[in-house]
Amino acid sequence: MDFPVTFQIFGKTILAHPVFETLGIFLGMRFYFYLKRKSSEKLSFNTSAAVLIGATAGALIGSKLIGNLENPYIFFNDFNFKRFWTNNTIIGGLAFGLIGVELAKKIVGHKESTGDLIVYPLMLAMIIGRIGCFLTGIHEETYGLPTTSIFGMHLGDEYLRHPVALYEIAFLIVLWIVLTMIQKKNKYPSGFVFQLFMLSYFSFRLFLDFIKPKIDIIGNLGTIQLVCLSVIIYYIYKIKTSKY
């Protein structure tokens, strides 16, 4: 296989990453609306609209802000709007989307959790998006460091690299199975599956980013890892103080 994989769409050459990212978002949203129709938990129109707006606004701002702060030196010393708009990270989207939802719920006075329903559609979108990351190879900064392990792959240069996108896909599939088994027990209240997803995924990314190119900000931790640590601490506290 030659990297990066591209598609010819309307006479233009498009990288696999944005194609699969768009497909993932579309299928994830369709899956979410399917689950929402089947769900017995009904939210009012005002609550649903507020949560959707909060999640979308927070995710949009966070994905781009954290994506650009991965290299703060370029961000602050050589700001470029086009580069700012095209730099994204799911970590920033999830973290700030959470903030947006919590703020929106406070505004409309909704106290119950609204997260469980989005977990599996979100994981589906992420899995499809990571296929695009893998097919893009080293053309975008979603690849791993060089390695001599048996998992090393040629992703477009002379080095064998960690296929971190494939690692993440495998992790998400296993996490999907585990969360499904937990949810079937009907032992935990609404919101627990989402909290467990966030804690698990951010913990995974904290360690995964040690084998990805990054700029150290504090110690040997990059921007994404610092965000991961913050979210991990938040959810450990939240789960510990909840009456499960």
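S.K.: Describe the overall build of the protein, with residues and values.
M.R.: For the protein, the helix and strand inventory stands at nine helices and four strands. Taken from N to C terminus, the helices and strands of the protein fall in the order β-β-α-α-α-α-α-α-β-β-α-α-α. Considering the protein as a whole, with its 244 residues, one finds that 43% of them fall into the buried category. Within the structure as shown, the protein displays about 14200 Å² of accessible surface, and the carbon and sulfur contribution to it stands at 66%. Charge centroids of the protein, computed over 23 positive and 15 negative side chains, lie 13 Å from each other.

S.K.: Can you lay out the nonpolar core for me, pointing to particular residues and giving the numbers?
M.R.: In this structure, Val119, Met123, Leu179, Phe197, Met198, Tyr201 and Phe202 are the most contacted members of the largest nonpolar core, which totals 32 residues. When residues of this core are assigned to their parent elements, the largest contribution, ten residues, is made by helix H8 (residues 192-208). With residues up to four places along the chain from it excluded, the contact list for methionine 123 reads Leu172, Leu175, Trp176, Leu179 and Phe197. One finds Phe3, Val5, Cys133 and Phe134 within the second-largest nonpolar core, a separate group that totals eleven residues.

S.K.: Residues and numbers for the pairing of strand S1 (residues 6-9), please.
M.R.: Here S1 pairs with strand S2 (residues 12-15) via four bridges, running antiparallel. Bridging from a neighbouring strand, phenylalanine 7 pairs with isoleucine 14 of S2. Linking two consecutive strands that pair antiparallel, namely S1 and S2, is a turn of two residues; a positive phi of about 55 degrees is found at phenylalanine 10 within it.

S.K.: Before we move on, can you summarise the pattern of salt bridges with the specific residues and values?
M.R.: Tallied over the full model, the rule gives six salt bridges. A salt bridge links arginine 161 to aspartate 157; the shortest N-O distance between them is 2.8 Å. Just as arginine 161 is buried, aspartate 157 falls in that class too.

S.K.: An account of the side chain of threonine 223 is requested, with residue identities and associated values reported.
M.R.: Tracing the backbone shows threonine 223 in helix H9 (residues 223-241). Filtering out sequence-adjacent residues up to four positions away, threonine 223 remains in contact with Ile66, Leu69, Glu70, Ile215 and Ile217.

S.K.: Help me get a handle on the packing of aromatic side chains, residues and values and all.
M.R.: Counted by the stated rule, this structure contains 18 aromatic pairs. Each ring, one from phenylalanine 31 and one from tryptophan 176, has its centre 6.3 Å from the other, and the planes form 10 degrees; the classification is stacked. One end of the pair, phenylalanine 31, is in helix H1 (residues 16-38); the other, tryptophan 176, is in helix H7 (residues 164-184), and 145 residues separate them in sequence. Classification of phenylalanine 31 by relative accessible area gives partly exposed; the value is 22%. Ring geometry for tyrosine 234 against tyrosine 235: centres 4.9 Å apart, planes inclined by 80 degrees, an arrangement best described as edge-to-face. Assessed through its relative accessible area of 33%, tyrosine 234 is described here as partly exposed. Overall, tyrosine 235 belongs to the buried group, its relative accessible area being 2%. Put simply, the rings of Phe31, Tyr34, Tyr120 and Trp176 touch in pairs and so form one group of aromatic residues. In this arrangement the basic side chain of lysine 64 is found over the ring face of tryptophan 85, its NZ or CZ atom lying 4.3 Å from the centre.

Analysis parameters
Residues numbered from 1 in each chain as written. Predicted model: local features only at pLDDT ≥ 70, side-chain atom pairs only at ≥ 80, totals over all residues. Heavy atoms only, no water. Helix = DSSP H or I, 4+ residues; strand = E, 2+ residues; numbered from the N terminus. Buried < 20%, exposed > 50% of the residue type's maximum accessible area, 1.4 Å probe, protein only. Areas by Shrake-Rupley, 256 points an atom, 1.4 Å probe, with all protein chains shown as cover. Lys, Arg positive; Asp, Glu negative; His and termini not counted. Charge placed at Lys NZ, Arg CZ, Asp CG, Glu CD. Core = buried A, V, L, I, M, F, W, Y, C linked by side-chain atoms within 4.5 Å. Contact = heavy atoms within 4.5 Å. Pairing = 2+ DSSP bridges. Salt bridge = Lys/Arg side-chain N within 4 Å of Asp/Glu carboxyl O. Phe/Tyr/Trp six-rings, centres within 6.5 Å; stacked < 30°, edge-to-face > 60°. Lys NZ or Arg CZ within 6 Å of the ring centre and 35° of its normal.

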